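Take a look at the letters that make up each chain.
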Amino acid sequence: KQEVTQIPAALSVPEGENLVLNCSFTDSAIYNLQWFRQDPGKGLTSLLLIQSSQREQTSGRLNASLDKSSGRSTLYIAASQPGDSATYLCAVSGMYSGGGADGLTFGKGTHLIIQP
Amino acid sequence: GAGVSQSPSNKVTEKGKDVELRCDPISGHTALYWYRQSLGQGLEFLIYFQGNSAPDKSGLPSDRFSAERTGGSVSTLTIQRTQQEDSAVYLCASSLWLMNTEAFFGQGTRLTVV
């Protein structure tokens, strides 16, 4: 069974710092990996999608990398801002249900606070 | 529509009552997913649809839960004889295809069973 782990569980940094959030998964047979942010009481907002054949994706100040063989992904946030404060979730879409898809498997998230 | 829409946004119900949660996916998206997020917990996958078909229902927590999708569009998640442990945020997502495409989530339905 796929398991996704996110480290750290919580992070608080001053505004302007660059930071890295980590995600690891146990089964490398994935179709893709997706990073989301969730604001309190809200749904999930998709940030970046990395296909299994890709190494990284960039969007604005965000850069996500994927090392499928080692089961790791990182989300790099440059020049952090207070508006970046949220919970960041990593999820993988797998091949492990007899070739079918059983949906995204999520980590428990990293709760990020950017101090003004 | 412009995004995934879920209704109601909040639902308070008495223990033992049935509830129906609705999800309107993004137009043209063939895949639809239901998740549950309990307080302080991660997201728990419940069920997915490819078109109107749900090939695997093993993720549903109990036989009190059922889901259907009609016309390849709207989906409903029904919980019968609700229990307090059913209290959670129920999130729906859709994607263009079942695999290798980006999933977009609705704002969720917060269900409180009292």
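Now for a look at the structure at hand. Keep in mind that this is a model prediction, so the values were computed, not measured. (Residues numbered from 1 in each chain as written. Chains lettered and ligands numbered in written order. Predicted model: local features only at pLDDT ≥ 70, side-chain atom pairs only at ≥ 80, totals over all residues. Heavy atoms only, no water.)

The next point concerns the overall build of chain A. In terms of regular secondary structure, chain A is built from zero helices and eleven strands. N-terminal to C-terminal, the α/β element order of chain A is β-β-β-β-β-β-β-β-β-β-β. Rg of the C-alpha trace for chain A: 14 Å, near the compact-globule value of 13 Å for 116 residues, within the 12% margin. Overall, chain A is about 50 × 30 × 20 Å in size when its C-alpha atoms are taken along their principal axes. Out of the 116 residues belonging to chain A, those deemed buried represent 48%. In chain A, the share of contacts with a sequence separation of at least 24, taken over all contacts with a separation of at least 6, comes to 56%. Roughly 5200 Å² of accessible area belongs to chain A as shown, and the carbon and sulfur atoms make up 50% of that amount. A distance of 3 Å separates the average location of the 8 positive side-chain charges in chain A from that of its 9 negative side-chain charges. (Helix = DSSP H or I, 4+ residues; strand = E, 2+ residues; numbered from the N terminus. Rg over C-alpha atoms; globule rule 2.2 N^0.38 Å. Buried < 20%, exposed > 50% of the residue type's maximum accessible area, 1.4 Å probe, protein only. Contact = heavy atoms within 4.5 Å. Areas by Shrake-Rupley, 256 points an atom, 1.4 Å probe, with all protein chains shown as cover. Lys, Arg positive; Asp, Glu negative; His and termini not counted. Charge placed at Lys NZ, Arg CZ, Asp CG, Glu CD.)

Residues and elements named next belong to chain A. On the basis of which strands lie adjacent, the open sheet formed by five strands has the order S1-S3-S8-S7-S6 and antiparallel pairing. At either end of the open sheet lies a strand with only one pairing partner, and these are strand S1 (4-7) and strand S6 (56-59). Taken over all neighbouring pairs, the strand axes of this sheet differ in orientation by 15° on average, direction set aside. As paired elements, strand S3 (residues 19-25) and strand S8 (residues 72-77) share six bridges and run antiparallel to each other. Within S8, the residue paired with Asn22 across the bridge is Thr74. (Pairing = 2+ DSSP bridges. Axes fitted to C-alpha atoms, helices over the stretch in contact; angles between N-to-C directions.)

Take the environment of Arg61 of chain A next. Residue and element names in this part refer to chain A. Within the element layout of this structure, Arg61 appears in the loop between S6 and strand S7 (62-67). Looking at Arg61, the relative accessible area reads 29%, which means it is partly exposed. Once the C-alpha coordinates of Arg61 and Gln81 are considered, the two residues, 20 residues apart in sequence, prove to be 10 Å apart. Setting aside its immediate chain neighbours within four residues, Arg61 contacts Tyr76, Ile77, Ala78, Ala79, Ser80, Gln81 and Asp84. From its side chain, Arg61 meets the backbone oxygen of Ala78 in a polar contact 2.9 Å long. One polar contact links the side chain of Arg61 to the main-chain carbonyl oxygen of Ala79, over a distance of 3.3 Å. (Polar contact = N/O pair within 3.5 Å; in protein donor to acceptor, adjacent residues only side chain to side chain.)

The next thing to look at is the sheet that holds strand S3 (residues 19-24) of chain B. Residues and elements named next belong to chain B. Across the sheet, which stays open at both edges, the four strands sit in the order S1-S3-S7-S6 with antiparallel pairing between neighbours. Each edge of the open sheet is held by one strand with a lone partner, namely strand S1 (5-7) and strand S6 (65-69). Each adjacent strand pair in this sheet contributes to an overall mean axis angle of 15°, direction not counted.

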